[in-house]
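# Observations on the three-dimensional arrangement
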Amino acid sequence: MRSPTKTDLMQRSDDEKRAHQGRVGENIVANYYAEQKKTVITSYDTHDNEKDLLIEGWKVEVKTEVPYFSKDAFTFRVSQLQKCKNADLVYFVSVPAYGKHHFSFGKVYRIRSEKMKYSFYYKDFGPRGKPKMVMVPIRQEGMEYVFDLTEGHIAKLQEYSTSNFNKYTGEL
């Protein structure tokens, strides 16, 4: 399978890019544990409301995104909250933003779902509306750093980013 060209990526909708970026994040987490000889089962059902992965019997949900770094938080649409609550563990793959710095960039974190603290806010997408979002503080009891992403992982994740901070112009 060939890698997508820049034109291919530009023609994809934001929803397609987000879905692909999410799959890349899931694969990064799955491969990390598979390399440690852990039993990893991937859920290929996009409508699975419990998990993205099973790792050693633990139901795992993976969220992949550029964090809301001015708030030191990970965010996701409220429609994903129940899936996070249904999982045993929630992983956050932190995608770096071009030209910005944040302690979480390029790292993977996890938290037990029953310990995950969160709040709600409304994100302004301009003409697309203001959907209700979930905000999960990165600095909270139970949030654990797991591993660093490779430069290859970061480049692939940034290709599919819909963040305005990752509209790469060639300048850093």
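Procedures and definitions
- Residues numbered from 1 in each chain as written.
- Predicted model: local features only at pLDDT ≥ 70, side-chain atom pairs only at ≥ 80, totals over all residues.
- Heavy atoms only, no water.
- Helix = DSSP H or I, 4+ residues; strand = E, 2+ residues; numbered from the N terminus.
- Buried < 20%, exposed > 50% of the residue type's maximum accessible area, 1.4 Å probe, protein only.
- Contact = heavy atoms within 4.5 Å.
- Pairing = 2+ DSSP bridges.
- Axes fitted to C-alpha atoms, helices over the stretch in contact; angles between N-to-C directions.
- pLDDT = per-residue confidence, 0-100.
- Parallel < 35°, antiparallel > 145°, perpendicular 65-115°, else oblique.
- Left-handed = near helix turned anticlockwise from the far one by under 90°.
- Nonpolar A, V, L, I, M, F, W, Y, C, P; charged D, E, K, R; others polar.

### Some details on the overall build of the protein chain
When you go through the protein chain residue by residue, the secondary structure sums to four helices and nine strands. Listing the helices and strands of the protein chain from first to last along the sequence gives α-α-β-β-β-β-α-β-β-β-β-β-α. Here the protein chain, with 172 residues, has 42% of them falling under the buried criterion. Taking as baseline every contact in the protein chain between residues at least 6 positions apart, the subset at least 24 positions apart corresponds to 65%.

### Let's talk about the sheet that holds strand β5 (residues 89-94)
In spatial order, the strands read β1-β2-β3-β5-β6-β9; together these six strands make up an open sheet with mixed pairing. Of all strands in the sheet, those bounded by a partner on one side alone are β1 (40-42) and β9 (144-148). Along the sheet, successive strands turn relative to each other by an average axial angle of 25°, direction set aside. Alignment of strand β3 (residues 58-65) against β5, held across six bridges, turns out to be parallel. Within β5, the position partnered with K63 by the bridge is F92. Sheet strands in contact with helix α2 (residues 14-35) are β1, β2 (53-55), β3, β5, β6 (107-112) and β9, and its direction is about 130° off that of β3.

### Focus: the confidence of the model for the protein chain
On average, residues of the protein chain score 87 in pLDDT, and 85% of them reach the 70 mark or higher. A low-confidence stretch, residues 167-172 (pLDDT under 50), is modelled with five contacts involving residues beyond four sequence positions or located in other chains.

### So, the environment of M116
With respect to the helices and strands, M116 occurs in the loop between β6 and β7 (119-122). Each C-alpha atom of the pair M116 and M143 lies 7.9 Å from the other, and the pair is 27 residues apart in sequence. Not counting chain neighbours up to four residues away, the residues in contact with M116 comprise F76, L81, C84, V90, F92, I111, V136 and Q140.

### Observations concerning the pairing of strand β8 (residues 132-137)
When strand β4 (residues 73-77) meets β8, the two strands line up antiparallel, connected through five bridges. Residue pairing for β8: F76 is matched across the bridge by V134. Summarising the sheet, β7 and β8 pair through four bridges and their orientation is antiparallel. In the strand pairing of β8, Y121 is matched with M133.

### What to know about the packing of α2 against helix α4 (residues 151-159)
Running from amino to carboxyl end, α2 crosses α4 at an angle of 160°, the nearest separation of the two axes being 9 Å. When the axis of α2 is compared with that of α4, the two are roughly antiparallel. Between α2 and α4 the crossing geometry is left-handed. Of α4, the residues touching α2 (which contributes Q21, V24, G25 and I28) are H153, K156 and L157. A class-by-class count of the residues in the contact of α2 with α4 yields three nonpolar, three polar and one charged.

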